[in-house]
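What the coordinates show
Each chain, written out:
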Amino acid sequence: MSVCSRNDASRFFTPTVQRAYSDQQSKLVVHIAGSNIYRFGDPNIAAPVFRDVRWSIKESENWAVVGSGSSQKTALLQTLQGHLRITPPPPPPGGLFPFLSDPPRDPHDAIALVSFAHRPRSSGGAFYDYTARYGAIRDEDKITLRESMFGDYDFLNIRPKGHIEAKTPVEIATERVKKDIFEDLTGRLGLTSLLDLPLVALSNGQTRRARIVKAIMSEPELLLLDEPLTGLDLNNRPTLLSVLESLHNARKPRIVMGLRKQDPIPDWITHLALIKDDRIITGEKGDILDQQAAHEGASRDIIPSHGGPRIREGGGKPVAILKNVNVTYSTRKVLNSVNWTIREGQRWHLQGANGSGKTTLMSVITGDHPQSYTQRGESYLELFSRPRPKIPTSHLRSLIGIVSPELTNAYPRRAQTSVWEVIGTGFDGVFVPGGKNGTGIGLEGELTDDVVHWRVNRIREVLSGLGPGSWASKGAHNEGQMSEVDEAFSKRDFTGLSAGEQSMVLLMRALVGRPQLVLLDEVWSGMDDAMVRAARRYLRGDGIGPDQAVVVISHWEEEVPWSVEEGLQRFRLEEGNGKHL
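Going by what an unreviewed UniProt entry lists, the protein chain is known as ABC transporter domain-containing protein and is assigned to Scleroderma citrinum Foug A. Heading Sequence similarities (unreviewed entry) of the UniProt record for the protein chain holds this comment: "Belongs to the ABC transporter superfamily."

1. Some words on the sheet that holds strand β18 (residues 517–521)
Strands sit in the order β17-β18-β19-β14-β20-β21 across an open sheet of six strands; the sheet is mixed. Each edge of the open sheet carries a strand with a single partner, namely β17 (400–403) and β21 (577–580). Ignoring strand direction, the axes of neighbouring strands in this sheet form an average angle of 20°. Inspection of the sheet shows strand β20 (residues 569–574) paired to β21 by four bridges, in the antiparallel sense. Bridge pairing links Leu573 to Gly578 in β21. This element, helix α9 (residues 358–365), spans β14 (347–352), β17, β18, β19 (549–553) and β20 of the sheet and lies at about 140° to β14.

2. Quick look at the pairing of strand β1 (residues 28–39)
Here seven bridges tie β1 to strand β2 (residues 50–58), and the two strands are oriented antiparallel to one another. Across the sheet, the residue bridging to Leu28 is Lys58, located in β2. Pairing of β1 with strand β4 (residues 84–87) involves four bridges; the strand directions are antiparallel. Across the sheet, the residue bridging to Tyr38 is Arg85, located in β4.

3. Focus: helix α5 (residues 169–188)
Since the α-helix turns once every 3.6 residues, residues separated by three or four places project in the same direction. The end-to-end C-alpha distance of α5, which contains 20 residues, comes to 29 Å, matching closely the 28 Å that a straight helix rising 1.5 Å per residue would cover. All of the buried residues along α5 are Glu175, Lys178, Ile181, Phe182, Leu185 and Thr186. The buried residues of α5 occupy an angular sector of 125° when projected down its axis, which confines them to one face. Phi turns positive one or two residues past the end of α5, at Gly190, with a value near 70°.

4. Section: helix α16 (residues 499–511)
Along its 13 residues, α16 runs 19 Å from first to last C-alpha, staying within 8% of the 18 Å computed at 1.5 Å per residue. A large share of α16 lies buried, amounting to 13 of its 13 residues.

5. Some details on the pattern of salt bridges
Pairs can form between side chains of opposite charge once their charged atoms are near each other. Taken as a whole and judged by the stated rule, the model has 28 salt bridges. Here Glu559 ties to Arg260 by a salt bridge, and the two come within 3.3 Å at their closest N and O atoms. Placement of the pair is Glu559 in the loop between β19 and β20 and Arg260 in strand β9 (residues 254–260), with a sequence separation of 299 residues. Glu559 gets classed as buried once you look at its relative accessible area, which sits at 11%. It is possible to trace a salt-bridge network through shared partners that takes in Glu59, Arg105, Glu221, Arg251 and Arg254.

6. Side note on the environment of Gly467
Positionally, Gly467 belongs in the loop between α13 (449–466) and α14 (468–471). Its relative accessible area of 0% is what places Gly467 among the buried residues. Each C-alpha atom, one on Gly467 and one on Ser490, is 8.4 Å from the other, the two residues being 23 residues apart in sequence. Those residues within four positions of Gly467 in sequence are excluded, and the remaining contacts are Val462, Asp486 and Met508.

7. Concerning unusual backbone geometry
Cis geometry marks the peptide bond from Asp102 to Pro103, where omega comes out at -5°. By the secondary structure assignment, Pro103 is in the loop between β4 and α3 (107–110). Looking along the chain, the bond that leaves Lys252 and enters Pro253 is cis, with omega of 5°. At Arg251, a residue that is not glycine, the phi angle is positive and equals roughly 55°. With respect to the helices and strands, the residue Arg251 is situated in the loop between α7 (236–250) and β9. Even without glycine at this site, Gln416 takes up a positive phi of about 65°. Within the secondary structure layout, Gln416 lies in the loop between α11 (405–410) and α12 (419–424). For Gln416, a relative accessible area of 73% translates into the label exposed.

8. Examining the nonpolar core
Among the nonpolar cores identified, the biggest contains 81 residues, and Trp340, Ile342, Leu361, Ile365 and Leu517 are the most heavily contacted of them. With residues up to four places along the chain from it excluded, the contact list for Leu517 reads Val319, Ile342, Ile365, Phe384, Leu399, Ile400, Gly401, Ala549 and Val551. Formed by 42 residues, the second largest nonpolar core is a distinct cluster that contains Leu194, Leu197, Leu225 and Val243.

The rules we used
Residues numbered from 1 in each chain as written. Predicted model: local features only at pLDDT ≥ 70, side-chain atom pairs only at ≥ 80, totals over all residues. Heavy atoms only, no water. UniProt positions renumbered as here; feature names shortened; annotations may be inferred. Pairing = 2+ DSSP bridges. Helix = DSSP H or I, 4+ residues; strand = E, 2+ residues; numbered from the N terminus. Axes fitted to C-alpha atoms, helices over the stretch in contact; angles between N-to-C directions. Contact = heavy atoms within 4.5 Å. Expected span 1.5 Å × (residues − 1). Buried < 20%, exposed > 50% of the residue type's maximum accessible area, 1.4 Å probe, protein only. Arc of directions from axis to C-beta. Salt bridge = Lys/Arg side-chain N within 4 Å of Asp/Glu carboxyl O. Core = buried A, V, L, I, M, F, W, Y, C linked by side-chain atoms within 4.5 Å.

Printed below as a string of structure tokens:
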């Protein structure tokens, strides 16, 4: 394995391997010729996910899959993993992956997918406490990034953990090469200094980069990356893309990326597979982009639609007051004397590079972090006009509506839990549906009929504003009147939804109780263009009241629904230090 460019790759290979590598260049990596693609288990009369797919990837080409719908893009990448059925299947001897046919290799071992758009399959369907990682008190109890992601190898001793047999010189040499590659990758991706830090201290972007390194260390022949740029700051995007380019050039491994339409397409990508409904348009990058521009007649970027009402000047009473707030792990300060007041009616954009402390700051405000209780003396945290220790965490969860990668991954995927029931858990900030009409049981005893009636109507309102009836329309939402398609959607099983649909439902859950504070962290993850437009329209309209405060956490300025001209305020974290912009 190598992380060098193609020009330097030869120094890692023997002459025999070099000749084999040259022969591989004339082979196809992926080959699908005129097939339909179906989900396993669908009846024979079911419509295919994709029709008449003709897609060939040559060894010398650099491909990205681009789709307006995250579920379609992910489905196409999952097809390459064997999770969808290709009819008719690519014929032998080459099959779907001609480059694996000589010598024969098992695609299940050779193809790896790292997806950032939805909950990993391995995490199961039950709720897990995503706040538990904050609970270790002693440093020795805190699992590190090295232990979490790379614990299979003890590179200091050049032997896998638990491996007690003596290793041959060839095995030792192989392990030394893997060690060199590991150190090179972690160094280039800015992870070396983080390896022995507690996992709790790391950001989403940092752990995502580590997941890519972990996948590369498993030595796949073809690595599929679904939305690798999501969650990365402006400085880390070009670094990651440069590393991926060098890996792909050396074919160690080959890389195919799945990108959102608003993601920048790297210069080194030569070909695109553009997904439009159930069709896949393939070809050279320039030709595909020209076709797309001619069809849409607009920019690929998602531009905020300005011109709405100005945000409430000055805001109302404070919903969160942070004075000299600190979060420390041993000698490492993640938050350093942060001062920030969030008031009713305000709209904030929380900015900061990966690792600057944004996730930790949000966990302090939501009360999930134990150190939210320990702000004493000059450090002070007040939430909803009460000192943090005097307000129960369960009550906080009904006052704060939140969408975040941690909550999205942790939310239970129990079979036969309907969309309606998931939305209803937002009133009390819980994770188990219950109560009359699926509207919860309340935090202070049985709900009155009037409250239940209000909650039922409120669920219908958010479904009309953010349900599938709004995704196909450019107009306003239906003023609380659910369409037939929204009604049917409310009865669907949450586990059967696409990643984007689940993200929309969890946004409805965050908004349904009209909480005093709304935190939207990477809220658009997994959504397609129509969903993003509907959500932005709803947030700018009646979805957020004038007495609610909103904080949007995003690395993309254009994703924030409001503009500075309309009264948006910005707060930035830099290495744990906060400042107003």
